[in-house]
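Per-entry structural report
Chain by chain, the residues:
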Amino acid sequence: MSTSPGNGLRATLAAGRFAVTAEIGPPRGADAGAVVAKAEMLRGWVDAANVTDNQGAHVRMGSLGASVLVQRAGVEPIMQVTCRDRNRMALQSDLLSAGALGIPNVLLLTGDHPRYGDHPDAMPVFDLDGVQLTWTARTLRDEGELLSGRDLAGRPGWLIGSVENPFAPPASFRARRLAKKVAAGAEFAQTQYVFDVDGFARWMADVRDLGLPERCAVLAGVGPVRSLRVLEYLRTGVPGIHVPDHLERRLRGVPSDRVAAEGIRVCVETIDALREVPGVAGVHLMAFGYERGVPDILAAAGFSPDRGPAHDAPPRALSAVPGEG
Amino acid sequence: MDPVPDTSWPRPRTPRISARASYAAHALLARNGAYRALASFVERHPGLERAFTRGERVSKEHLFGCRMCGQCALPATGYACPQTCPKQLRNGPCGGVSPEGRCEVHPEMTCVWVTAYERAEASGHGEDLDRLQRPLDHRRWGRSSWLSYWQGRDADLWTAPGEDRPLLRRELGLTPR
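1. Here's the deal with the packing of helix 8 (residues 228–236) of chain A against helix 9 (residues 245–252) of chain A
Residue and element names in this part refer to chain A. The contact between helix 8 and helix 9 brings their axes to 11 Å, and the two run at 160°. The angle between helix 8 and helix 9 places the two elements in the roughly antiparallel class. Here the hand of the crossing between helix 8 and helix 9 comes out left-handed. For the pair helix 8 and helix 9, contact is made by Leu228, Leu231, Glu232 and Arg235 and by Glu248, Leu251 and Arg252, respectively. In the contact of helix 8 with helix 9, the residues fall into 3 nonpolar, no polar and 4 charged.

This is the structure we're talking about:
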């Protein structure tokens, strides 16, 4: 679905090239320019960028609308869809809309509970779970029908992604949980932040034992910890993130004006280490609020800005969006 | 101002009955012709069905924290009820489980899927958790799951082991094929 052959996440994964994805959090508001500005910082550096869906249960511009903006700005979007805010009818129709608009990738997840978001008084939906939503997407695309069994006129063509947390209990079930998502239809999976490469490698060994890398590309989640405040937030404020003691000691061991640089160095070292873990197909760089730093991190890790849709031609999505071209 | 109590969300429940006793009880209640006939008879008499359903509700609520989704997953989850998960996940734990195995939404409680995993593994039923659980039919909330089970309506709540490309349940829709 990319604008030229050989580009985009699907082609990168199919060619066995090490993939790079990043994340774009839509703004709280209707400012299209904020989305475009973030996309332009990433353009060329990533195969595709996740567009989050009310991340952390905080209301933002929707992931479908923002994905269209990202695509127009020359970055291949990965539209995130969570089960928190929509029932199975709305989930299916939004997935079909993404197909109609030429969104090349979707990422399906359960989603954070509203309890920790900005609308804790909202109804949590969770009509489907992440595995069932993945299964639903594959049914739409490969069977060409709704959950009801009714036929679709025109099948969506997106690549189906999902997520897994290698570090959350029960540890020995986490690779099997990814296997369920692969059985349900996931073709790529991004992981929670990896700060503990040894722990990740143990999980990855389980993933290989289950034969998953041949069926589903695993992209390891990474990100820079740029301040002790962020370190504390990741340790205590975000469910499911494991920050090992040696990372904390290292960041606390440098002068305060050097923490940001040290955090970026750790991130680059982590990317280098993850490239050596057998079965890892790429990295997913989460630098929320620090998109401008993504090129430097990737350049330091030895990547070149030759990824994503070709930039000499207008992105294909332009002609597919009503009111454009 | 006092924080608003969050009791409306499901709360993880550690069962009051061991996994071993639960599997044994299931063996006694397993589907057969007599139970099928009984269930069919009960469903033809509304008063009897109400009384039966109340009995199921009271006992399963006490033992498992049952919320009467009407499509009992207990036999495939180590007899820990996934509907007591605040996200009502049917296919395993979310990514927010704390390192100590606590629930993301109710941090003072053990994740029900951690409980389910430990119970299923310890009683030799760990592979049950690899099955894909199909979406709920929300029309069945409040109805007896046992009556449905005995009459074979629960036969495809989850996939069989090793089933490769399982299909979603079609009889839920308007136009099943």
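Additional details are given in the paragraphs that follow.
2. As for the sheet that holds strand 5 (residues 159–164) of chain A
All names here are of chain A. Pairing is parallel in the closed barrel, where 8 strands are placed in the order 1-2-3-4-5-6-7-8. Neighbour-to-neighbour, the strand axes of the sheet open up by a mean angle of 30°, direction not taken into account. Packed on one face of the sheet, helix 2 (residues 32–42) meets strand 1 (19–24) and strand 2 (48–51) and runs near 160° to strand 1.

3. Digging into helix 7 (residues 197–209) of chain A
Residues and elements named next belong to chain A. Helix length check: helix 7 (13 residues) gives 18 Å between terminal C-alpha atoms against 18 Å at 1.5 Å per residue, within 8%. Buried within helix 7 we find Val197, Gly199, Phe200, Trp203, Met204 and Val207. Down the axis, helix 7 shows its buried residues gathered within 155° of arc, on one side only. What points out from helix 7, more than 90 degrees from its buried face, is the exposed set Asp198, Arg202 and Asp209.

4. Concerning the state of the cysteines
Residue and element names in this part refer to chain B. For the structure on display, the rule yields 0 disulfides over all chains. There is no disulfide at cysteine 85, and the cysteine sulfur nearest it, in cysteine 94, is 6.4 Å away. For cysteine 85, a relative accessible area of 8% puts it in the buried group.

5. Description of the environment of glycine 95 of chain B
The residue glycine 95 of chain B is located in the loop between helix 3 (46–64) and helix 4 (112–122) in this model. Judged by its relative accessible area of 28%, glycine 95 of chain B is partly exposed. Sequence separation between glycine 95 of chain B and arginine 54 of chain B is 41 residues; the distance between their C-alpha atoms is 35 Å. The contact partners of glycine 95 of chain B, leaving out residues within four places of it in the chain, are Asn165, Ala168, Arg174, Pro239 and Gly240 of chain A.

6. Remarks on the interface of chain A and chain B
Tallying the contact residues gives 42 residues for chain A and 48 residues for chain B. A combined buried area of about 3700 Å² lies between chain A and chain B, and 52% of that area is made up of carbon and sulfur atoms. Its largest share of buried area at the contact with chain B, chain A owes to His113, Trp135 and Lys180 of chain A, together 18% of the area lost on that side. At the boundary of chain A and chain B, one finds 2 salt bridges. With its nearest N and O atoms 3.0 Å apart, the salt bridge here joins arginine 176 of chain A to glutamate 121 of chain B. Counting every contact that joins chain A to chain B gives 21 residue pairs in polar contact (both at pLDDT 80 or more). Residue classes in the side of chain A that touches chain B are distributed as 15 nonpolar, 11 polar and 16 charged.

Thresholds applied
- Residues numbered from 1 in each chain as written.
- Chains lettered and ligands numbered in written order.
- Predicted model: local features only at pLDDT ≥ 70, side-chain atom pairs only at ≥ 80, totals over all residues.
- Heavy atoms only, no water.
- Axes fitted to C-alpha atoms, helices over the stretch in contact; angles between N-to-C directions.
- Helix = DSSP H or I, 4+ residues; strand = E, 2+ residues; numbered from the N terminus.
- Parallel < 35°, antiparallel > 145°, perpendicular 65-115°, else oblique.
- Left-handed = near helix turned anticlockwise from the far one by under 90°.
- Contact = heavy atoms within 4.5 Å.
- Nonpolar A, V, L, I, M, F, W, Y, C, P; charged D, E, K, R; others polar.
- Pairing = 2+ DSSP bridges.
- Expected span 1.5 Å × (residues − 1).
- Buried < 20%, exposed > 50% of the residue type's maximum accessible area, 1.4 Å probe, protein only.
- Arc of directions from axis to C-beta.
- Disulfide = S-S within 2.5 Å.
- Buried area = accessible area lost by both parts, 1.4 Å probe.
- Salt bridge = Lys/Arg side-chain N within 4 Å of Asp/Glu carboxyl O.
- Polar contact = N/O pair within 3.5 Å; in protein donor to acceptor, adjacent residues only side chain to side chain.

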